[in-house]
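What follows is the residue order along each chain.
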Amino acid sequence: MNKPLVLPLVIAALLFSTAACSNSSTVNTSNKVTEYKEVQVPKADMQVSDAQVSLEKPEFTTKSVASFDEPWAMTALPSTTNKSPQLLVTQKTGELFIVDTATGSKTQVGGVPEVAYGGQGGLGDIILAPDFATSNAVYLSYAEAGMGSESNTFGAKVIKATLAGLGTNAPMLQSITPIWEQFPKVTGQGHYSHRLLFSPDGRYLYISSGERQDKEPAQDMSMNLGKIIRLHADGSVPKDNPFVSDSNNIASQFWTMGNRNVLGIRFDENGRLWANEMGPKGGDEFNLIEKGKNYGWPIVSNGRNYSGTPIPDHDTRPEFEMPKITWTPVISPSSLSLYTAGSHNDFPALQGNFLISGLSSKALIVVSVDEDNSATERYRYDMGERIRSVMAVDGQVWALEDGDGGQLLRLMPK
């Protein structure tokens, strides 16, 4: 079905206001903030002239292709000329599907490991290996429970597997190989992060590792929680990682530290690595990810603790890397993709821009980055539902709604 969208009048550059915190890059700042699971983005109440509204802002409708129960991530299989793409879609409850976007048919993939479903945990991200064309290898992340007396503890795990039986009614994951896991496993089922990304040259695997809502691990060199991890495709540690140490194998994995809950990570056209990060009460972040940098959590944040107690702002501690954008009220960023034209070019005005899916904001947020490493929210679209994932592939844009009955949508240019 086609569902028209009501587009907001104001591009994000006009939403910059006097910040409650002192960071000049804060967007849509309000003195009243609420927990990210509950906050809604308010309607703009300012009057804006026609000249102030960008004429480039693309408009679109959405076409529903399929529906899922708690979908979490998606990736596209290599495309065939003039054929609609096939997508791999994960459900948090532990299912993996191949979706024919031409017909909406779903084929379940067997052999998925048992996942620890609950809270924010379950089956997570999926990406193709750089040599997928010859190996049929994929990488998946999921939440895993501890064993025996540790069965009430949980942590993210990343595996490599062969996707066998493509084109049949019984595809299967085979030859499963462990690649990485969070250490230590802890109680609670939040902030796994576990987003996966290969570098453009295919040499390095990046993994976002959440701090599991425990805060302090993000600054602890003996734990790989609250970090962004950089590995070779086989899980081994590159010798040029910033914290390589013969006496600390855990720290050798780190690319950055001081991260809270990174749910989107992507390279831009110039090879710079960017990530979005969920803040506490306020202070969602868009960060340029650079080797060896410390992003400050939980010592600094442009949000507050859920109890309402303050946290020092980023600019009070210059030794920590400052975000390029922060959002208060939060947008609850849940994924990150980069729009580039391919055999399609549905939205030429978005070329080289990042797309962020929003949960509590029920929005699709477009962010542009500049040569000077600055970033700006360019557009925001009201999607009407929580958006769990957005993916630009081959010049088309796909979005996954969150929760039971979440629809896979194609964004159709007007």
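Given the structure is predicted, the values throughout are model-derived calculations rather than measurements.

S.K.: Hey, could you go over the overall build of the protein chain for me, with residue numbers and the actual values?
M.R.: Check the secondary structure of the protein chain and you find one helix and 26 strands. Accessible area of the protein chain: about 16,800 Å², with a carbon and sulfur share of 48%.

S.K.: Please set out empty space enclosed by the protein residue by residue, giving values where relevant.
M.R.: With the rule as written, the count across this model stands at one cavity of 30 Å³ or more. Computed from the structure, the largest cavity encloses a volume of approximately 50 Å³. As for the largest cavity, its lining consists of P58, F60, F347, L350, L355, L364, V366, Y381, V397 and L411. Residue composition of the lining of the largest cavity, grouped by class: ten nonpolar, no polar and no charged.

S.K.: Go over the environment of G94, please, and point to the residues and values.
M.R.: With respect to the element layout, G94 can be found in the loop between β5 (86-91) and β6 (96-100). Residues G94 and G124, 30 residues apart in the sequence, show an inter-C-alpha distance of 8.5 Å. When neighbours within four sequence positions are excluded, G94 is seen to be in contact with V112, V115 and L123.

S.K.: Just give me the short version of unusual backbone geometry, but keep the residues and values in it.
M.R.: Cis peptide bonds are those with omega within 30 degrees of zero, and the linkage from W297 to P298 qualifies with 0°. Examined against the element boundaries, P298 turns out to sit in the loop between β18 (284-289) and β19 (325-327). Cis geometry is found at the peptide bond from T328 to P329, where omega equals 0°. You will see that S193, though not glycine, has its phi angle at about 65°, which is positive. Along the polypeptide, S193 turns up in strand β12 (residues 193-198). Note on S193: relative accessible area 2%, which makes it buried.

S.K.: Got a sec to walk through the packing of aromatic side chains? Specific residues and values, please.
M.R.: For the structure on display, the rule yields twelve aromatic pairs. Both rings, one in F60 and one in Y381, keep their centres 4.8 Å apart while their planes meet at 50°; by these two values the pair is tilted. With a gap of 321 residues between them, F60 in strand β3 (residues 60-69) and Y381 in strand β23 (residues 375-382) connect regions that are remote in the sequence. In this structure F60 comes out as buried when scored by relative accessible area, which is 2%. Their ring planes at 70° and their centres at 5.6 Å tell us that Y206 and F267 sit as a pair that is edge-to-face. Here Y206, found in strand β13 (residues 204-209), pairs with F267, found in strand β16 (residues 262-267); they are 61 residues apart in sequence, far enough to count as distant. Relative accessible area serves as the criterion here: at 12%, F267 is assigned to the buried category. Feature note: the residues F60, Y339, F347, Y379 and Y381 constitute an aromatic cluster, connected by ring pairs. Its end group placed over the ring of F68, K106 keeps NZ or CZ at 4.6 Å from the ring centre.

S.K.: Hey, could you go over the sheet that holds strand β7 (residues 106-108) for me, with residue numbers and the actual values?
M.R.: The strand order across the open sheet built from four strands is β4-β5-β6-β7, with neighbouring strands paired in antiparallel fashion. For this open sheet the edge positions go to β4 (71-76) and β7, each flanked by a neighbour on one side alone. This sheet shows a mean twist of 25° between the axes of neighbouring strands, independent of strand direction.

S.K.: Go over the pattern of salt bridges, please, and point to the residues and values.
M.R.: Enumeration over the complete set of coordinates arrives at 15 salt bridges. One salt bridge connects E144 with K185, and the closest N-O pair in it is separated by 3.0 Å. Pair noted here: E144 is in strand β9 (residues 137-145) and K185 is in the loop between β11 (172-181) and β12, with a separation of 41 residues, a long-range link. One salt bridge connects K293 with E321, and the closest N-O pair in it is separated by 3.4 Å. Pair noted here: K293 is in the loop between β18 and β19 and E321 is in the loop between β18 and β19, with a separation of 28 residues, a long-range link. Given a relative accessible area of 16%, E321 falls into the buried group. Salt bridges sharing common partners tie together E144, K157 and K185.

What counts as what
- Residues numbered from 1 in each chain as written.
- Predicted model: local features only at pLDDT ≥ 70, side-chain atom pairs only at ≥ 80, totals over all residues.
- Heavy atoms only, no water.
- Helix = DSSP H or I, 4+ residues; strand = E, 2+ residues; numbered from the N terminus.
- Areas by Shrake-Rupley, 256 points an atom, 1.4 Å probe, with all protein chains shown as cover.
- 1 Å grid on protein atoms, 1.4 Å probe; cavity = no way out; pocket = protein on both sides within 12 Å on 5 of 7 lines; lining within 4 Å.
- Points joined across faces, edges and corners; volume = space filled by probe spheres on them.
- Nonpolar A, V, L, I, M, F, W, Y, C, P; charged D, E, K, R; others polar.
- Contact = heavy atoms within 4.5 Å.
- Buried < 20%, exposed > 50% of the residue type's maximum accessible area, 1.4 Å probe, protein only.
- Phe/Tyr/Trp six-rings, centres within 6.5 Å; stacked < 30°, edge-to-face > 60°.
- Lys NZ or Arg CZ within 6 Å of the ring centre and 35° of its normal.
- Pairing = 2+ DSSP bridges.
- Axes fitted to C-alpha atoms, helices over the stretch in contact; angles between N-to-C directions.
- Salt bridge = Lys/Arg side-chain N within 4 Å of Asp/Glu carboxyl O.

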